[in-house]
Amino acid sequence: MAIRPLVILPDPMLRKVSAPIGDITPEIRKLAEDMLDTMYDAPGIGLAAIQIGEPVRLVTLDVSKKAEEGEQQAREPVVFINPEVTWSSKELSSYEEGCLSIPEYYEEVERPARVKVSYRDLDGKAQEIEADGLLATCLQHEIDHLNGVLFIDYLSRLKRERVTKRFAKAAKRDSAA
């Protein structure tokens, strides 16, 4: 459909809390399609609507394995409307996270190893998923976006300030050019 521009740190839009979605309209379906196109083009494995400037509670994910050389990638996109973590394990796991809104920056982040997430699908049906591993991390990362939280918020103050300053400088340089 359409590849949309990504909202990049330090844009204050990334700190907005996204509004719940009521009816699943043709516009919401189109937004989900655009998000998937944007996510695959980036390339990324998850995208929250706020990352393309739409402050609604919509997340797209595809954590399917990359295809081997010469094979077509089997895409397994999932759309989450109004996702909410309803349970998380006390056990933690650590993953190196990155973010399409904070390009080329990666850090280890510790989060609950397993989560249960309730959401609605594109047909409006209530769903629940129990996730672990990469899927659990990705769901938590994207749901954080809907609440105005970034993965860098889990880092030490020093690291967070350093990366924020770096992106603020880059934004200033880009706007001056």
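Rules behind the numbers
- Note on numbering: residues in each chain are counted from 1, in written sequence order.
- For this predicted model, a pLDDT threshold of at least 70 governs which residues receive local features, and a threshold of 80 or more governs which side-chain atom pairs are given and counted, while totals over whole chains, interfaces and linings are taken from all residues.
- Side-chain measures here rest on the full set of heavy atoms in the structure, leaving out hydrogens and waters.
- Only DSSP runs of H or I covering at least 4 residues are called helices, and only runs of E covering at least 2 are called strands; the numbering of each starts at the N terminus.
- Atoms counted for the radius of gyration: C-alpha only. Globule rule: 2.2 Å times the number of residues to the power 0.38.
- Remark: exposure states derive from per-residue accessible area (1.4 Å probe, protein chains only) relative to the maximum for the residue type, with buried under 20%, exposed over 50%, and partly exposed in between.
- Here, two residues are considered to be in contact whenever any of their heavy atoms come within 4.5 Å of each other.
- Only centres within 6.5 Å qualify two rings of Phe, Tyr or Trp (six-membered ring in Trp) as a pair; their planes then separate them into stacked at under 30 degrees, edge-to-face at over 60, and tilted for everything else.
- Geometrically, a charge over a ring is one whose NZ (Lys) or CZ (Arg) sits within 6 Å of the ring centre while staying within 35 degrees of the ring normal.
- Every helix has an expected span of 1.5 Å times one less than the residues it contains.
- Criterion for a disulfide: a pair of cysteine sulfur atoms within 2.5 Å.
- Here, nonpolar core refers to any group of buried Ala, Val, Leu, Ile, Met, Phe, Trp, Tyr and Cys residues whose side-chain atoms link them within 4.5 Å.

Hey, could you go over the overall build of the protein chain for me, with residue numbers and the actual values?
When you go through the protein chain residue by residue, the secondary structure sums to 3 helices and 7 strands. Ordered by position from the N terminus, the helices and strands of the protein chain form the series α-β-β-β-β-β-β-β-α-α. In summary, the protein chain has a C-alpha radius of gyration of 16 Å against a globular reference of 16 Å for 177 residues, a match within 12%. Burial analysis of the protein chain (177 residues in total) assigns 41% to the buried set. Counting only contacts in the protein chain whose residues sit at least 6 apart along the sequence, the fraction spanning at least 24 positions is 64%.

Tell me about the packing of aromatic side chains, and please be specific about residues and values.
In this structure the tally under the stated criterion is 2 aromatic pairs. A centroid spacing of 4.4 Å and a plane angle of 55 degrees characterise the contact between Phe80 and Tyr119, whose relative ring orientation is tilted. Placement of the pair is Phe80 in strand E3 (residues 78-88) and Tyr119 in strand E6 (residues 114-120), with a sequence separation of 39 residues. Each member of the pair, Phe80 as well as Tyr119, carries the same accessibility label: buried. Measuring from ring centre to ring centre gives 6.3 Å for Tyr105 and Phe151, while their planes differ by 35 degrees; the resulting arrangement is tilted. Taken together, the positions of Tyr105 in strand E5 (residues 102-112) and Phe151 in the loop between helix H2 (133-146) and helix H3 (157-176) put the pair 46 residues apart, joining distant regions of the chain. For the pair shown, Tyr105 and Phe151 are each scored as buried. Taking the ring centre of Tyr40 as reference, the NZ or CZ of Arg75 above it sits at 3.6 Å.

Explain helix H1 (residues 26-41) to me, using residue names and the numbers behind them.
The terminal C-alpha atoms of H1, which comprises 16 residues, lie 22 Å apart, in line with the 22 Å expected from a rise of 1.5 Å per residue. Ile28, Leu31, Ala32, Asp34, Met35, Leu36, Thr38, Met39 and Tyr40 are the residues of H1 that are buried.

Now, about H3: what can you tell me, with residues and values included?
Each turn of an α-helix holds 3.6 residues, which means side chains three or four residues apart point in the same direction. Helix length check: H3 (20 residues) gives 28 Å between terminal C-alpha atoms against 28 Å at 1.5 Å per residue, within 8%. Judged by how many residues are buried, H3 sits mostly at the surface: 2 of 20 residues are covered.

Explain the state of the cysteines residue by residue, including any values.
Inspection of the entire model under this criterion finds 0 disulfides. Sulfur of Cys138: no disulfide; nearest cysteine sulfur belongs to Cys99 and is 10 Å away. Its relative accessible area of 6% is what places Cys138 among the buried residues.

Run through the environment of Leu100, naming residues and quoting values.
Along the chain, Leu100 turns up in the loop between strand E4 (92-99) and E5. Separated by 46 residues in the primary sequence, Leu100 and Glu54 have C-alpha atoms spaced 15 Å apart. Leu100 has contacts with Leu6, Ile8, Ala42, Pro43, Gly44, Gly46, Leu47 and Gln51, leaving out every residue within four places of it along the chain.

Would you mind going over the nonpolar core in detail, with residue names and values included?
In terms of nonpolar packing, the biggest core is built from 28 residues, with Leu9, Ile102, Tyr105, Phe151 and Ile152 touching the most fellow members. At the level of elements, strand E2 (58-61), E5, E6, H2 and H3 are the ones that each hand at least two residues to this core. By residue number, the principal contributor to this core is H2, which donates 5 residues. Those residues in contact with Ile102 that sit more than four places away from it in its chain are Leu9, Leu150, Phe151, Ile152, Val163 and Phe167. Core analysis: the next-biggest nonpolar cluster, separate from the first, contains 17 residues, Leu36, Ala49, Leu58 and Ile81 among them.

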